[in-house]
Amino acid sequence: MSNQYGGKITALEISEYANSEHWDGKKFNNLEETNMDIPFRAIPRMIYNQLFKRKSHEPKQLIPHLPIDKTEFLAPSEMSKFIWYGHSTILINIQGKKILIDPMLGMDAAPIAPFKIKRYNTISTDIIAEIPEIDLLIMSHDHYDHLDLKSMQLLKPKVKKYFVALGVARHLISWGIDPNLITEFDWWQEEVLDGLKITFTPSRHFSGRGIRDRFKGLWGGWVIKSETENIWFSGDGGYGKHFKEIGERLGPFDIGFMECGQYNKLWESIHMFPLQSVQAGIDAKAKILMPVHWGSFTLSDHHWKEPVEKFVEACQEQKVPYLVPKIGELISDSKESINWWKDLE
């Protein structure tokens with residue numbers, strides 16, 4: 001169990017964090033005031049919903065995923081290809097480079113909690129054996145529903161390079177990953193890798209895998225830009241002014257993978273509601289929007305279908321193109337979404 005927490009922060013790491021303008025000497029801070037306090041009177045109801053109401057919000061059967069067609073995925077293409085594996089896990093082939101984002105492929109999003117938060121699609125760490133070698137693995141932050149111990153251990157032989165949020169490296173190193181393969185990023189920091197410009201963008205969220213390391217690492221999104229395409233992964237976070245700045249500095253984007261799910265009025269400042277997700281995509285100048293952070297786990301008290309239904313409704317009202325692929329579906333160009341989730345209960 002202790003391995004689940006990852007690496008402990010050291011004096012050396014704190015001295016490195018001090019180089020960031022977002023570190024105040026004790027913790028990292030959001031760009032705008034972000035209140036995460038939950039009223040004491042709301043806690044009993046929240047715990048009750050987690051313990052006794054979760055089943056009513058989950059699908060009645062496992063959501064199936066499509067198997068990977070590795071030959072088609074690896075075939076040369078002028079345009080990028082991608083596969084969504086539920087929640088925020090995305091596998092991308094862009095200019096022949098295979099990039100894996102937030103590979104949470106494990107079965108439990110709360111491995112240290114007294115009760116499990118089980119995955120409700122058919123994805124598992126078994127698919128790691130099927131996916132190709134990874135040129136670059138990207139991590140947005142260190143929460144359990146994004147950074148999974150077992151997934152990282154199984155992926156280790158396949159990954160050539162890691163780009164991660166500042167503060168994530170200590171976890172990977174504690175799990176046996178070569179520190180020479182890891183590059184940590186502060187907000188707006190960028191690196192060029194084999195012709196791709198990778199930039200870490202701010203979000204409005206938090207970090208931590210235990211009680212003592214909250215805000216001891218950064219959180220954010222990622223931009224992947226080639227000569228012909230510009231892709232943005234929003235990362236977790238509440239709505240804020242940073243979305244317009246991202247669009248002005250790095251946009252427009254051909255597609256925006258937008259956090260959409262696990263929201264609640266009690267923590268609206270750190271997770272967007274679907275209407276906000278769509279507005280954030282508009283602010284950042286994304287041409288096509290796709291909801292992520294849903295379809296795998298129940299981490300709030302909304303029904304599992306609600307995020308995608310409200311997201312699609314908002315896109316239609318705003319006349320914004322959108323995409324909602326099936327889990328595991330290979331997307332090689334923009335195509336009309338089918339409402340595949342409507343056939344599931």
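In short, a report on the structure. Computed from a predicted model, the values in this text were never measured in an experiment. (Residues numbered from 1 in each chain as written. Predicted model: local features only at pLDDT ≥ 70, side-chain atom pairs only at ≥ 80, totals over all residues. Heavy atoms only, no water.)

Overview of the sheet that holds strand E10 (residues 230–233)
Okay, step 1: As summarised here, the arrangement of the six strands in space is E7-E8-E9-E10-E11-E12, forming an open sheet in which the pairing is mixed. Of all strands in the sheet, those with a lone pairing partner are strand E7 (190–193) and strand E12 (289–292), marking the two edges. The sheet shows a mean angle of 20° between the axes of neighbouring strands, direction not considered.
Okay, step 2: Contacting E10, strand E11 (255–259) and E12, helix H7 (residues 274–283) runs over the sheet at an angle of about 150° to E11. (Pairing = 2+ DSSP bridges. Helix = DSSP H or I, 4+ residues; strand = E, 2+ residues; numbered from the N terminus. Axes fitted to C-alpha atoms, helices over the stretch in contact; angles between N-to-C directions. Contact = heavy atoms within 4.5 Å.)

Considering the side chain of Ser 124
Okay, step 1: Mapped onto the elements, Ser 124 comes out in the loop between strand E3 (97–101) and strand E4 (136–139).
Okay, step 2: For Ser 124, the residues in contact, after removing those within four places along its chain, are Leu 105 and Met 107.

As for the pattern of salt bridges
Okay, step 1: Tallied over the entire structure, the rule returns 11 salt bridges.
Okay, step 2: Two residues, Asp 135 and Lys 160, come together in a salt bridge whose shortest N-O distance is 3.2 Å. Of this pair, Asp 135 sits in the loop between E3 and E4 while Lys 160 sits in the loop between helix H4 (149–155) and strand E5 (162–165); the two residues are 25 residues apart in sequence, bridging distant segments of the chain.
Okay, step 3: Assessed through its relative accessible area of 11%, Asp 135 is described here as buried.
Okay, step 4: What emerges from the salt-bridge pattern is a single network uniting Lys 98, Asp 135 and Lys 160. (Salt bridge = Lys/Arg side-chain N within 4 Å of Asp/Glu carboxyl O. Buried < 20%, exposed > 50% of the residue type's maximum accessible area, 1.4 Å probe, protein only.)

Section: the environment of Ile 131
Okay, step 1: Tracing the backbone through its elements, the reader meets Ile 131 in the loop between E3 and E4.
Okay, step 2: Expressed as a C-alpha distance, the spacing of Ile 131 and Asp 69, which sit 62 residues apart in the sequence, is 9.3 Å.
Okay, step 3: Setting aside its immediate chain neighbours within four residues, Ile 131 contacts Lys 70, Tyr 85, Leu 91, Leu 100, Leu 155 and Lys 158.

A short note on the packing of aromatic side chains
Okay, step 1: One pass over the full model with this rule turns up 20 aromatic pairs.
Okay, step 2: Aromatic pair Trp 294 and Trp 304: ring centres 6.5 Å apart, planes at 15°, arrangement stacked. A residue pair is termed long-range when its members are at least 10 positions apart, and Trp 294 in the loop between E12 and helix H8 (306–318) and Trp 304 in the loop between E12 and H8 qualify at 10 residues.
Okay, step 3: Ring-pair connections join several aromatic residues into one group, and the members of that group are Trp 84, Tyr 120, Trp 294, Trp 304, Trp 340 and Trp 341.
Okay, step 4: The ring of Tyr 144 has Arg 209 lying over it, and the distance from NZ or CZ to the ring centre is 3.9 Å. (Phe/Tyr/Trp six-rings, centres within 6.5 Å; stacked < 30°, edge-to-face > 60°. Lys NZ or Arg CZ within 6 Å of the ring centre and 35° of its normal.)

Section: the environment of Ile 282
Okay, step 1: Structurally, Ile 282 can be placed in helix H7.
Okay, step 2: Of the residues examined, Ile 282 reaches a relative accessible area of 33% and is grouped as partly exposed.
Okay, step 3: The sequence separation of Ile 282 and Ala 42 amounts to 240 residues, and the corresponding C-alpha distance is 33 Å.

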